[in-house]
Amino acid sequence: MTTDLITRRAQRLGPNLPTFYDDPVHIVHGEGAHLWDACGRRYIDCYNNVAHVGHCHPHVVEAIARQAATLNTHTRYLHEGILDYADRLTAYFRHDLSQVLFTCTGSEANDVALRMAQAVTGKTGFIATDNTYHGNTTAVAHLSTRRPPIGGWPDHIRRIPAPDSIAPLGGSLAAQPQAFAEGVAKAIAELKAAGHGFAGIMLCPVFANEGLPEVTEGFLAPTVEVVRRAGGLILCDEVQPGFGRIGTAFWGHERLGFAPDVVTLGKPMASGHPVAAVVTRPDIMAAFREAFGYFNTFAGNPVSMAAAAATLDVIEAEALTRHGEIIGAQLLDGMNALTYPQIASLRGAGMFLAMEFSDALRPNGAPVPHSANALCGRIVEGMRTRGVLLGRVGRQQHILKLRPPMPFGAAEARDVLAALGDCLESEQTA
Ligand code: PMP
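Residues numbered from 1 in each chain as written. Predicted model: local features only at pLDDT ≥ 70, side-chain atom pairs only at ≥ 80, totals over all residues. Heavy atoms only, no water.

1. Points about the packing of aromatic side chains
Applying the stated criterion across every chain, the model contains 13 aromatic pairs. Centroid distance Phe20 to Tyr21: 6.3 Å. Interplanar angle 80°. Geometry classified as edge-to-face. Where Tyr92 meets Phe250, the ring centres are 4.2 Å apart and the plane angle is 20°; that geometry is what we call stacked. Taken together, the residues span a long stretch of sequence, with Tyr92 in the loop between helix 3 (80-90) and strand 4 (99-103) and Phe250 in the loop between strand 8 (233-237) and helix 8 (252-256) at a distance of 158 residues. The structure contains a cluster of three or more aromatic residues connected by ring pairs, namely Tyr92, Phe93, Phe243, Phe250 and Trp251. Geometry around Phe292 places Arg115 over its ring, the cationic atom sitting 4.8 Å from the centre. Lying over the aromatic face of Tyr47, Arg403 brings its terminal NZ or CZ to 4.6 Å of the ring centre. (Phe/Tyr/Trp six-rings, centres within 6.5 Å; stacked < 30°, edge-to-face > 60°. Helix = DSSP H or I, 4+ residues; strand = E, 2+ residues; numbered from the N terminus. Lys NZ or Arg CZ within 6 Å of the ring centre and 35° of its normal.)

2. A short note on empty space enclosed by the protein
By the definition in use, this model includes 2 cavities of 30 Å³ or more. By volume, the largest cavity is sized at about 100 Å³. Val206, Leu212, Pro213, Glu214, Val215, Ile246, Arg255, Arg347, Gly348, Ala349 and Phe352 together form the lining of the largest cavity. The biggest single contributor to the lining of the largest cavity is strand 11 (residues 343-349), with 3 residues. Tallied by class, residues from the lining of the largest cavity come to 7 nonpolar, 1 polar and 3 charged. Each of domain 1 (2-53 + 319-429) and domain 2 (58-317) contributes no fewer than three residues to the lining of the largest cavity. Looking at the second largest cavity, its volume works out to about 30 Å³. What lines the second largest cavity is Ile201, Leu203, Leu220, Thr223, Val224, Val227, Ile234 and Phe258. Mapped onto the lining of the second largest cavity, the elements with two or more residues apiece are strand 7 (200-203) and helix 7 (221-229). Take the lining of the second largest cavity: its biggest share by element is 3 residues, from helix 7. (1 Å grid on protein atoms, 1.4 Å probe; cavity = no way out; pocket = protein on both sides within 12 Å on 5 of 7 lines; lining within 4 Å. Points joined across faces, edges and corners; volume = space filled by probe spheres on them. Nonpolar A, V, L, I, M, F, W, Y, C, P; charged D, E, K, R; others polar. Domains from an automatic or database assignment.)

Rendered as structure tokens:
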């Protein structure tokens, strides 16, 4: 069955369509923080942040089904759904971020954010980190670092060194905020000298795709000052940390304590239904509409809005942000108790945790048989064998990433820790 699906994918969907695992998993059902494969095996899901309130939450399923049976159409007709949800969503923001534009994907939202900065500044120069991903439209892909664009990296994009926990910019974690800001200042000067001018910087406030480096309150303060002085906009990509994932705050920018000009949202927003958004100030929205207009056939439709509203209902009713803070702390504590010489750093907030491996020596001084990358790959595979699905990030794909649906509970945390302990133990004896 699995082999058949792999063959059909290659034949019909083309090559290089990514799957996880040496032996890809065929998932047929989901509930809460669990997934089941076609053989009836249950897995603990430590990967899927899109199913934010849990797989197939009955409240969300019911809301989607009810609205789908009533009406689904575009936003050129009047409908309460989009307005009621927009009212609720914008109430979660401060800094006059009071207007919202809906899209279907995070990529589209980031594309719009870039155009908002162009509209406001009249400039085209953008900055992102040198180890990031913000989406797959042509413009946004130019910020991403995975594959060079055909024709090379465009000159109006500057990629600055990303923060790092093991090798911090400026030589220490204390020096890193200032050193990061210096990278931004240098890039702004280059963009201006090249004639592009500076429109804005796009960043994820937990640097999720950079591998979740340690950043604490105030980290971006020097950067914000540099960006403001240069007249650019701060485009905050909350696609990963948003909606309470990080436990201590509903948004990543709230945790770091800065005021973005534009915030983009996606993944967890509607529990897997394709809903994303751009939230901004009225002056920025007006400049964008004036310069570009904008219509998106599917975005903001009544079914999408019902899915997003029901997701917010569950986040609120089940106090998932607080739950994430409590369980995430338990999980991090448990991970801290695990010992293995190649664990270089453990970090994270709420339900978003990272375990970084280094190319280290065994306790007896013998060289490790494989690099941090190979070790991390084996742990991901080993966890799957033990019934836990998780992922990895980092420049060398050497950082384990734990990012479960928010209802992930204490029992799941215990099972994941036992599996991880067992996995690391088997590495010691390998
Ligand atoms: N921003 C970030 C930080 C992301 O991680 C992603 C997707 N991984 C995107 C944007 C793009 O979102 P989408 O896949 O919905 O287009």
